[in-house]
Amino acid sequence: MTDSLAIVGAGAAGAGAAYALRDSDVDVTIFEKSRGVCGRAATRRKEGCRYDHGANYIKDADGRTTDLLSELGEDGLVDIEEPVWTFDAAGQLSEGDGDRDAHKWTWEDGITQLAKRLLAQTDVHVDQPTRIESVERGDHWHLTDTDGETHGPFDSLLLTPPAPQTAALLAESKWNDERLPALIEAVGAVSYRTIRTYVLDYGFELDVPYYALVNTDKNHAVGWLSREECKPGHVPDGETLLVVQMSPDWSTDHYDDPLDESAPTVAQMVAELLDDERLSDPEWVDDQGWRYALPDDGAVDDVIRSAEDERLYFAGDWVVGDARVHAALWNGIETGERIGESLRGD
Ligand SMILES: Cc1cc2nc3c(=O)[nH]c(=O)nc-3n(C[C@H](O)[C@H](O)[C@H](O)COP(=O)(O)OP(=O)(O)OC[C@H]3O[C@@H](n4cnc5c(N)ncnc54)[C@H](O)[C@@H]3O)c2cc1C
């Protein structure tokens, strides 16, 4: 009989796990709550523009990521050429260090291509939009969604939502196992920084030598600012589209402020930072709140690995404690490989 795996979440980790099992006999189903794929590595289209409003690009930490992205197809693959500069709390700009100028990957069609291209190599079924609310362990795993529909049975289960959402799923689970409270505590203990992203569009070009500015002393209300027009295919000629990520403190304080009230404040900060008064008056604005943007640390490895004998697995940036797309991707791939080995009985 074919082994089956349910994956909750089609982000880099979930798609990576499915990709790792592409040549196996495992029958994989992904449940994803949103209409798109790639999670926090997100792309939106508006007013003729395309912008990555979550993760900005994929870093090539150790060479293997670049190899994998090339294998997925080089058409439309973008390596952002312009450098990342830095700024401090006083708004003083400085040229960045070399490390920030390593490969910066995305695609003309947006960073969601990562999950799309990984999944295109598989025959997994992505069930979406389906939000899983609880999981149940009997002889197999069953999942229940927010419409009350039950899915299963599955031999193995892989959970990839951000840690607080994974902890909530575990808290709702029907699984009679003495390890469950420790598991919920370990996963729930991972803390996160919140980021509110603002998107500011202008009908003119900006003549600056950098792709992005990052606040290195973490004392400015603006944490990151980047020029989406440095990515081919994202912004029409003659326009500027700034992706502005506010600091965790500012984002938490202003998370629910209406866009039309908070965007002028953000635009004014950007105009001052870049010393260009035109930037205080964007043509149009957009935003996205990321409550669980960046995990601060990882979950205790041996606690979360302890459930693997019941064929319950976890993957994602929070598992490795590195808030990066490539970290989530490789953690997903390695977890997928481990699931394949376990189901084969290796
Ligand atoms: C604003 C911002 C900027 C960033 N910038 C960068 C950057 O420049 N470079 C970089 O490398 N990283 C960056 N990151 C971090 C990067 O986006 C993450 O580390 C990475 O995308 C995490 O992938 P993941 O698969 O672990 O989780 P996610 O991408 O969060 O995927 C989890 C998936 O699970 C789904 N899900 C959650 N709950 C349920 C449920 N109950 N049922 C069904 N589906 C569910 C979600 O919809 C999501 O698709 C940034 C993140 C943010 C928010």
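Keep in mind the model is a prediction, meaning the values are calculated, not measured.

What follows is about the overall build of the protein chain. Helix and strand content of the protein chain: 10 helices and 20 strands. A compact globule built from 346 residues would reach a C-alpha radius of gyration of about 20 Å, and the protein chain, at 21 Å, matches this within 12%. Seen through its C-alpha atoms, the protein chain measures out along the principal axes to roughly 65 × 40 × 35 Å. For the protein chain, the computed accessible surface area is about 15,400 Å², with 41% contributed by carbon and sulfur atoms. Separation between the mean location of the 30 positive side-chain charges and that of the 71 negative ones in the protein chain comes to 2 Å.

The subject of this paragraph is the nonpolar core. Ranked by internal contacts, the top residues of the largest apolar core, which has 39 residues, are V28 and L114. Ranked by residue count, the leading element in this core is helix 10 (residues 325–344), at seven residues. If near-sequence neighbours (up to four positions away) are discounted, V28 is found in contact with L5, I7, A18, L21, V124 and H125.

The next thing to look at is the pattern of salt bridges. For the structure on display, the rule yields 18 salt bridges. Of the charged contacts, one joins D62 and R64 as a salt bridge, the two residues approaching to 3.2 Å between their closest N and O atoms. Judged by relative accessible area, D62 falls into the partly exposed class, the value being 49%. Each member of the salt-bridge network shares a partner with another, and the members are R137, D177, R179, D309 and E310.

Next up on the list: the pairing of strand 17 (residues 222–227). Extensive coverage of strand 17 is indicated by the burial of five of its six residues. For strand 16 (residues 212–215) and strand 17, the ladder comprises three bridges, and the chain directions are antiparallel. Following the sheet pairing, V214 is matched in strand 17 by W224. Hairpin remark: strand 16 followed by strand 17, antiparallel, with six residues in the connecting loop; positive phi at K218, about 60°. Sheet topology places strand 17 next to strand 18 (residues 240–246); five bridges connect them, and they run antiparallel.

Here the focus is unusual backbone geometry. The phi angle of most residues is negative, glycine excepted, and most peptide bonds adopt the trans form. For the bond from Q128 to P129, the omega torsion is -10°, close enough to zero to count as cis. Following the sequence through the fold, P129 ends up in the loop between strand 10 (125–127) and strand 11 (132–137). Across the junction of G152 and P153, the peptide omega takes the value 5°, indicating a cis bond. Positive phi is not limited to glycine here, since E47 has a value of about 50°. With respect to the helices, strands and loops of the structure, E47 is situated in the loop between strand 3 (43–46) and strand 4 (49–52).

Take the sheet that holds strand 7 (residues 84–87) next. The sheet built from seven strands is open, its strands ordered 8-7-16-17-18-15-19 with mixed pairing. Every other strand in the sheet has two partners, leaving strand 8 (93–94) and strand 19 (284–295) as the edge strands with one partner each. Here strand 7 pairs with strand 8 via two bridges, running antiparallel. Looking at the pairing, F87 lines up with L93 of strand 8. With respect to the sheet, helix 7 (residues 259–273) is in contact with strand 7, strand 8, strand 15 (192–202), strand 16, strand 17, strand 18 and strand 19, its orientation differing from that of strand 15 by roughly 80°.

The subject of this paragraph is the sheet that holds strand 11. Taken in spatial order, the three strands of this open sheet run 11-12-13, and their pairing is antiparallel. On the outer flanks of this sheet lie strand 11 and strand 13 (150–154), each paired with one strand and no other. With strand direction ignored, the average angle separating the axes of adjacent strands in the sheet is 20°. Relative to strand 13, strand 12 (residues 141–145) runs antiparallel, the two being bridged by three bridges. Each residue of the ladder has a partner; that of W141, found in strand 13, is F154.

A few words on the site of the ligand. Taken together, 35 residues lie near the ligand, and E32, R40, Y57, D317 and V325 sit nearest. Taking R40, its side chain carries an N or O atom lying 2.8 Å from an oxygen atom of the ligand. Take I132: an N or O atom from its main chain is 2.9 Å from a nitrogen atom of the ligand. Contact with the protein chains removes 95% of the 1,000 Å² of surface that the ligand exposes when unbound. Of all the secondary-structure elements, those providing two or more residues to the shell around the ligand are helix 1 (12–20), strand 15, strand 19 and helix 10. For the shell around the ligand, the class distribution of residues is 18 nonpolar, 11 polar and six charged. The two domains that each donate at least three residues to the shell around the ligand are domain 1 (4–41 + 115–190 + 296–344) and domain 2 (79–110 + 192–295).

Thresholds applied
Residues numbered from 1 in each chain as written. Predicted model: local features only at pLDDT ≥ 70, side-chain atom pairs only at ≥ 80, totals over all residues. Heavy atoms only, no water. Helix = DSSP H or I, 4+ residues; strand = E, 2+ residues; numbered from the N terminus. Rg over C-alpha atoms; globule rule 2.2 N^0.38 Å. Areas by Shrake-Rupley, 256 points an atom, 1.4 Å probe, with all protein chains shown as cover. Lys, Arg positive; Asp, Glu negative; His and termini not counted. Charge placed at Lys NZ, Arg CZ, Asp CG, Glu CD. Core = buried A, V, L, I, M, F, W, Y, C linked by side-chain atoms within 4.5 Å. Buried < 20%, exposed > 50% of the residue type's maximum accessible area, 1.4 Å probe, protein only. Contact = heavy atoms within 4.5 Å. Salt bridge = Lys/Arg side-chain N within 4 Å of Asp/Glu carboxyl O. Pairing = 2+ DSSP bridges. Axes fitted to C-alpha atoms, helices over the stretch in contact; angles between N-to-C directions. Near = heavy atom within 4 Å. Polar contact = N/O pair within 3.5 Å; in protein donor to acceptor, adjacent residues only side chain to side chain. Nonpolar A, V, L, I, M, F, W, Y, C, P; charged D, E, K, R; others polar. Domains from an automatic or database assignment.

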